[in-house]
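What the coordinates show
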Amino acid sequence: MSDARLYDTLRKVFGFREFRPNQERVVRAILAQKDVFAVMPTGGGKSLCYQLPAVLLPGTCMVISPLIALMKDQVDGARANGIRAAFLNSSLLPDERDEVIHDLLTNALDLLYVAPERFTLDHFREVIGRVKISMAVIDEAHCISEWGHDFRPDYLSLSDLVTLFPDIPVAAFTATATHRVQQDILDKLALRTPLVVRASFDRPNLFYDIRFKDNPEAQLVALLKKNPGKAGIIYRTSRKSVNDSAAMLQAKGFRALPYHAGLSDADRKHNQDAFIRDEVDIIVATIAFGMGIDKSNIRFVIHADLPKSIENYYQETGRAGRDGEPAQCTLLFAQGDIPKMRFFIDAMLDETERARALGALTKVIAFASNSVCRRRTLLEYFGESYPHENCNSCDICLGTREVVDCTREAQMLLSAIVRTEERFGAMHIVDIVTGSANKKIRDFGHDRLKTYGVGKEHEKKYWRQLIDELLAQKVIEKSEGLYPTLFLLPKAIQLLKGEDRIEIVRVEEKKKEKASPLKSVSSTAPYNQELFELLRTLRKQIANEQGIPPYIVFSDRTLHDMAALYPRTAETMLTVSGVGEVKLERYGTQFLRLIDRYCSDHDLDQ
Ligand code: ADP
Ligand code: ZN
């Protein structure tokens, strides 16, 4: 294949001037009829790796994908670029299905998405036996491995793909595969000396930030205020906290909806659709949310509770910034969250599962508590070494994290525990230190203690949190039973004697303001915010008319480019990333007209 033809198609069909890392290798291998196995992170641009050959090769490219919810999205996206695409799955009505099969038989499809179970049907095999299949693609290929986290027995039927189609290339893609899963996939599919690509798992446009959680509600509101009108996910552990946070945000005027497995199917679908279609900005969700979400313009992911594992954290944050534009990932971390998670783990019946969960939790705690570049830690977790000293795009590398010495405050608490002979619980100790005048305090005469009221300068919440820290750092311990009391561990004695110190991590808010993550991540040129908002409104209007999600009309990246370049002619419009010939024809006039009017209203005429 000549370079010119390849790059021509990349530009005309997809509107891109360059390949992302590894895309070209994969595309060229497929065009040379070679099998491919590629591990690429979310947002790495896997679709283009097979959609481009699908356009160039004669016949239909068959894509086997387990995510029915995503098929429509993928097909809408491909069609928006003028690619002849369709899907076959159980959601189609008989008439619709017949139409797709008719198109397939008349060679009118470049791309056909099918669910794995269809692939096992004799009828389907008979149909594809009658048409020219150009290549076979297995999306989410980790589903074939029992070692992966998402094994689908249906996928095992794909083992005979290579035998069924001895003459066409088979390409398997996944965003998650350890080396063990990778080998398993290669074995199960029996790929023939495939090109194996493992892309870096680094997501350079994501900014990682871990903050000390002291007041999650206020912290969430503050974070959202910094990202007005942007799309984001807030992850919480329990259904109740999801509902509470969503209600709290709604009451404060944010456009937010909840999502968790306790909602009815209809409500879940409604809330997810509203988010995908930019009708609400924020989805507050348990980890039930995210699979099968292709929304490319998610600008932030906030973990308001500790994720279960580093892998979870990586996947959940990975949903941000698929379009390659800057996105922010913030984790609010408190040692106090750990006991709750331990509680659920301890209740697990399967011993292996329990040990695995505990190991994962320990690693994620270390990740959140230590002072190593977040990006480096994540990549090392996946067996990749990060080549740079400073990633310039995490709280550690930007030095926005601060360690606060709270030895004096800890001594106040410990002293109150000692003076009450280790016979009281956390609430009472806090009441002593803050000088509460309640009945229990008076009944015990604790208002006469030397430590009574010494910690008035902090709120009760602060002291509760510090107790959690002391528990987590094994300075004190809680007794078993219905009314647990606090008692000292050896480290407490050292602290009281002044032989040891205790530190907690805090974020220095002021410094943070200066080094705004959106400025530190360099991939976007400056653009006109006001024009961007107008373009966004137009995009939403077109998306509504056509019944597709806004990001399928144009990505945020494309609108940023327009708001930076002010294209005034079809020719310049084509230089905008993501504008190919079909999109130009379909949407070009409307966007050009808007930009034109904006320019003349603002005296920006050249
Ligand atoms: P993945 O499936 O690997 O998560 P996608 O195929 O959904 O990634 O692509 C993610 C985003 O990147 C999409 O918005 C897509 O249009 C964009 N993209 C893909 N390839 C390129 C490229 N070569 N240049 C610019 N943007 C690209
Ligand atoms: Zn870093």
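We now turn to the structure provided with this report. Because the structure is predicted, anything quoted here is derived from the model rather than measured.

1. Considerations on the coordination of the zinc ion (ligand 2)
Around the zinc ion (ligand 2), the protein contributes the donor atoms Cys373 (SG), Cys391 (SG), Cys394 (SG) and Cys397 (SG), at 2.3 to 2.4 Å from the metal centre. Around the zinc ion (ligand 2), the four donor atoms sit at angles spanning 103 to 116°, and that spread fits a shape best called tetrahedral. Between consecutive donors of the zinc ion (ligand 2), the numbers of intervening residues give the motif C-x17-C-x2-C-x2-C. On the criterion of sequence distance, the pair formed by Cys373 in the loop between helix H15 (351-369) and helix H16 (374-381) and Cys397 in the loop between H16 and strand S14 (401-405) is long-range, its members being 24 residues apart. Both residues of the pair, Cys373 and Cys397, belong to the buried class.

2. Points about the sheet that holds strand S12 (residues 298-303)
Read across the sheet, six strands follow the order S8-S13-S12-S9-S11-S10 without closing on themselves; strand pairing throughout is parallel. Two strands in the sheet have a free side with no partner beyond their single neighbour: strand S8 (206-212) and strand S10 (256-259). In this sheet, neighbouring strand axes are inclined to one another by 15° on average, regardless of whether the strands run parallel or antiparallel. Contacts from H15 reach S8 and strand S13 (327-333) within the one sheet, and its direction differs from that of S13 by about 105°.

3. Section: the site of ligand 1
With respect to spatial proximity, 13 residues lie near ligand 1, and among them Glu18, Arg20, Gly43, Lys46 and Ser47 are the closest. A distance of 2.9 Å separates an oxygen atom of ligand 1 from a polar atom in the side chain of Arg20. Contacts to ligand 1 include Gly43, whose backbone N or O atom sits 2.6 Å from an oxygen atom. Protein coverage of the free-state accessible area of ligand 1, which is 560 Å², stands at 82%. Taken together, the residues that form the shell around ligand 1 break down as three nonpolar, six polar and four charged.

4. Concerning the packing of aromatic side chains
For the structure shown, the criterion picks out 17 aromatic pairs. Here a set of aromatic residues connected by ring pairs shows up, and it is made of Phe201, Tyr314, Tyr381 and Phe382. If you follow Arg125 out to its NZ or CZ, it ends over the ring of Phe119, 4.6 Å from the centre. Here the guanidinium or amino end of Arg374 rests over the ring plane of Phe367, the centre of that ring lying 5.9 Å away.

Thresholds applied
- Residues numbered from 1 in each chain as written.
- Chains lettered and ligands numbered in written order.
- Predicted model: local features only at pLDDT ≥ 70, side-chain atom pairs only at ≥ 80, totals over all residues.
- Heavy atoms only, no water.
- Donors = N, O, S within 2.8 Å, 3.2 Å for Na, K, Ca; no water.
- Tetrahedral: all angles 85-135°; square planar, octahedral: opposite > 155°, others 65-115°.
- Helix = DSSP H or I, 4+ residues; strand = E, 2+ residues; numbered from the N terminus.
- Buried < 20%, exposed > 50% of the residue type's maximum accessible area, 1.4 Å probe, protein only.
- Pairing = 2+ DSSP bridges.
- Axes fitted to C-alpha atoms, helices over the stretch in contact; angles between N-to-C directions.
- Contact = heavy atoms within 4.5 Å.
- Near = heavy atom within 4 Å.
- Polar contact = N/O pair within 3.5 Å; in protein donor to acceptor, adjacent residues only side chain to side chain.
- Areas by Shrake-Rupley, 256 points an atom, 1.4 Å probe, with all protein chains shown as cover.
- Nonpolar A, V, L, I, M, F, W, Y, C, P; charged D, E, K, R; others polar.
- Phe/Tyr/Trp six-rings, centres within 6.5 Å; stacked < 30°, edge-to-face > 60°.
- Lys NZ or Arg CZ within 6 Å of the ring centre and 35° of its normal.

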